[in-house]
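The lines below spell out each chain.
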Amino acid sequence: MFAHRHSAVGRNLVLILMSSAALAACATPHPRLASKLPGVTPGTAPSGAGGRYKVGSPYQVAGVWYVPHEDPQYDATGVASWYGDEFHMKPTANGEIFDMHAVSAAHTTLPLPSIVEVTNLDNGKKIQVRVNDRGPFVGGRVIDLSHEAARQLGYDRKGLANVRVKYIGPATLGGPDTGMRYASNTTPPPALPAYVPPLPAYAPPTPVAVASASLPPITGAAIAPTQIPPVSSAAPVFSGAPKVAAASAYRVQAGAFSDPANAQRVANQLSGAGVATIEPLQRADGVTLYRVVLQGGADEGEAWGLRDKVASYGFAEARVLRPF
């Protein structure tokens, strides 16, 4: 998958020894040239055409193992580089087309595509970029930006910069990302709806003692007690008015997040697909996850249709939950 990328990394390692402006390139899964696409106006977001949501399996480059995973709390500082001509108009790791004139980035482990905020700690400039590729694989660098993104952050001539990278959330597929902020834009993004805290756990009423003498004796065959499935005490958090799912209804889970704010952001993003709710789910290790769920109705076929619609919003790992 990264074979053609390894040779490029080797060439970059040689360039590092010869120049301070190291241009570490990222991983691309196919060594073929992509067909030319219409030029992208400098400073715009990638179109996302041809891309798919991807986390990926662990992989090894230059003797180092990388483990891609969901990491909504990601917040790291380190050195950033940039890449351009050598990979211009070639496929990225998730199937999109890299355009050096658009604002994008490569990261070794974050889900693809996603949005991160990058701050140049050397000059204070800040930008949000779409991560749609894998890399960099040189010198423990934290992120590889497109030429245009590096230009906006003011380090394209220098080659490297000290940066802070903070995960914002998943990116959309097949269309420009909404709410992305560029270095030249100081307008703050729209505020997200306030997070609604979980309802308090249900407290059963205090049992009342009844004297056994007041009860009539029971005669006849013993009757087995009705088996009632356990009910979680965690109450769901809803976007808007609370709704209770019918026991016979299918549901579609778009994803599960450890940060409730990220779950709320995804629920807002899926408002066009249907009514999305947030359900806290406590794992055996004590960690609480917040699941974003949409009601799929009683028909399984319709539920799978909703699942495909949710996947088209960029959540390819969405799955159908059977009635409980």
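Because the structure is predicted, anything quoted here is derived from the model rather than measured.

A look at the overall build of the protein
- Helix and strand content of the protein: 4 helices and 13 strands.
- Looking at the 324 residues of the protein, the share that counts as buried comes to 44%.
- Looking at the protein alone, contacts between residues at least 24 apart form 77% of all its contacts between residues at least 6 apart.
- Summing over all exposed atoms, the protein offers an accessible surface of approximately 17,100 Å²; the carbon and sulfur share of this is 60%.

Brief notes about the environment of Ala 254
- Residue placement: Ala 254 occurs in strand β10 (residues 250-257).
- Separated by 65 residues in the primary sequence, Ala 254 and Arg 319 have C-alpha atoms spaced 6.8 Å apart.
- Excluding residues that lie within four positions of it along the chain, Ala 254 makes contacts with Leu 270, Val 292, Val 310, Phe 315 and Ala 318.

A closer look at the packing of aromatic side chains
- Inspection of the entire model under this criterion finds 5 aromatic pairs.
- Relative to Tyr 66, the ring of Tyr 59 has its centre 5.4 Å away and its plane inclined at 25°; by these criteria the two rings are stacked.
- On the basis of relative accessible area, Tyr 59 is assigned to the buried category, the value being 8%.
- Judged by its relative accessible area of 14%, Tyr 66 is buried.
- Ring geometry for Tyr 83 versus Phe 87: centroids 6.2 Å apart, planes at 70°, classification edge-to-face. The same class applies to Tyr 83 as to Phe 87, namely buried.
- Pairwise contacts between aromatic rings join Tyr 59, Tyr 66 and Phe 137 into one cluster.
- Above the face of the Phe 87 ring, Lys 90 is positioned so that its terminal group lies 5.7 Å from the ring centre.

Remarks on the pairing of strand β3 (residues 75-83)
- Relative to strand β8 (residues 161-170), β3 is paired through 6 bridges, and the arrangement is antiparallel. Looking across to β8, one finds that Thr 77 is bridged to Arg 164.
- Judged from the 4 bridges that link them, β3 and strand β7 (residues 143-146) form a sheet pairing that is parallel. Pairing of Trp 82 across the sheet is with Leu 145, part of β7.

Some points on unusual backbone geometry
- Omega for the peptide link from Leu 112 to Pro 113 comes to -10°, which places this bond in the cis form.
- By the element assignment, Pro 113 lies in the loop between β4 (104-106) and β5 (114-120).
- Look at the link from Gly 135 to Pro 136: it is a cis peptide, with omega at -10°.
- Assignment of secondary structure puts Pro 136 in the loop between β6 (126-133) and β7.
- In the Ramachandran plot, Ala 62 falls in the positive-phi region, its phi being about 55° despite a non-glycine side chain.
- One non-glycine residue with positive phi stands out, namely Met 89, at about 65°.
- Relative to the assigned elements, Met 89 resides in the loop between β3 and β4.

Details of the sheet that holds β5
- Around the barrel, 6 strands lie side by side as β3-β7-β4-β6-β5-β8; this closed barrel has mixed pairing. On average, each strand axis in the sheet is inclined to that of its neighbour by 45°, with strand direction left out of account.
- In this structure, β4 lies alongside β7, joined through 2 bridges in antiparallel fashion. Considered in β7, the bridge of Ala 105 is made with Leu 145.

Details of the nonpolar core
- The biggest cluster of nonpolar side chains holds 25 residues, and the ones touching the most others in it are Val 118, Val 129, Ile 143 and Leu 145.
- Put simply, the parts of the chain that give this core at least two residues each are β3, β5, β6, β7, α2 (147-153) and β8.
- Considering each element in turn, this core owes the most residues, 4 residues, to β8.
- Excluding residues that lie within four positions of it along the chain, Val 118 makes contacts with Lys 125, Lys 126, Ile 127, Val 129, Ile 143, Leu 145, Leu 153, Val 163, Arg 164 and Val 165.
- Judged by nonpolar contacts, the second largest core, of 20 residues, contains Val 266, Ile 278, Ala 303 and Val 320.

Some words on the pattern of salt bridges
- Throughout the structure, instances matching the rule amount to 9 salt bridges.
- Two residues, Arg 283 and Asp 285, come together in a salt bridge whose shortest N-O distance is 2.8 Å.
- What makes Arg 283 partly exposed here is its relative accessible area of 39%.
- Each of the salt bridges in this network shares a partner with another, and the network as a whole consists of Arg 251, Glu 279 and Arg 291.

What about helix α3 (residues 260-269)?
- Of all 10 residues in α3, 7 are buried; the element is thus mostly enclosed.
- For α3, the set of buried residues is Pro 260, Asn 262, Ala 263, Gln 264, Val 266, Ala 267 and Gln 269.
- Those residues of α3 that are buried lie in contact with β8, β10, β11 (276-282) and β12 (288-297).
- Among the residues of α3, the N-terminal cap falls to Asp 259, whose side-chain oxygen and the backbone nitrogen of Ala 261 are separated by 3.0 Å.

Calculation criteria
- Residues numbered from 1 in each chain as written.
- Predicted model: local features only at pLDDT ≥ 70, side-chain atom pairs only at ≥ 80, totals over all residues.
- Heavy atoms only, no water.
- Helix = DSSP H or I, 4+ residues; strand = E, 2+ residues; numbered from the N terminus.
- Buried < 20%, exposed > 50% of the residue type's maximum accessible area, 1.4 Å probe, protein only.
- Contact = heavy atoms within 4.5 Å.
- Areas by Shrake-Rupley, 256 points an atom, 1.4 Å probe, with all protein chains shown as cover.
- Phe/Tyr/Trp six-rings, centres within 6.5 Å; stacked < 30°, edge-to-face > 60°.
- Lys NZ or Arg CZ within 6 Å of the ring centre and 35° of its normal.
- Pairing = 2+ DSSP bridges.
- Axes fitted to C-alpha atoms, helices over the stretch in contact; angles between N-to-C directions.
- Core = buried A, V, L, I, M, F, W, Y, C linked by side-chain atoms within 4.5 Å.
- Salt bridge = Lys/Arg side-chain N within 4 Å of Asp/Glu carboxyl O.
- Polar contact = N/O pair within 3.5 Å; in protein donor to acceptor, adjacent residues only side chain to side chain.

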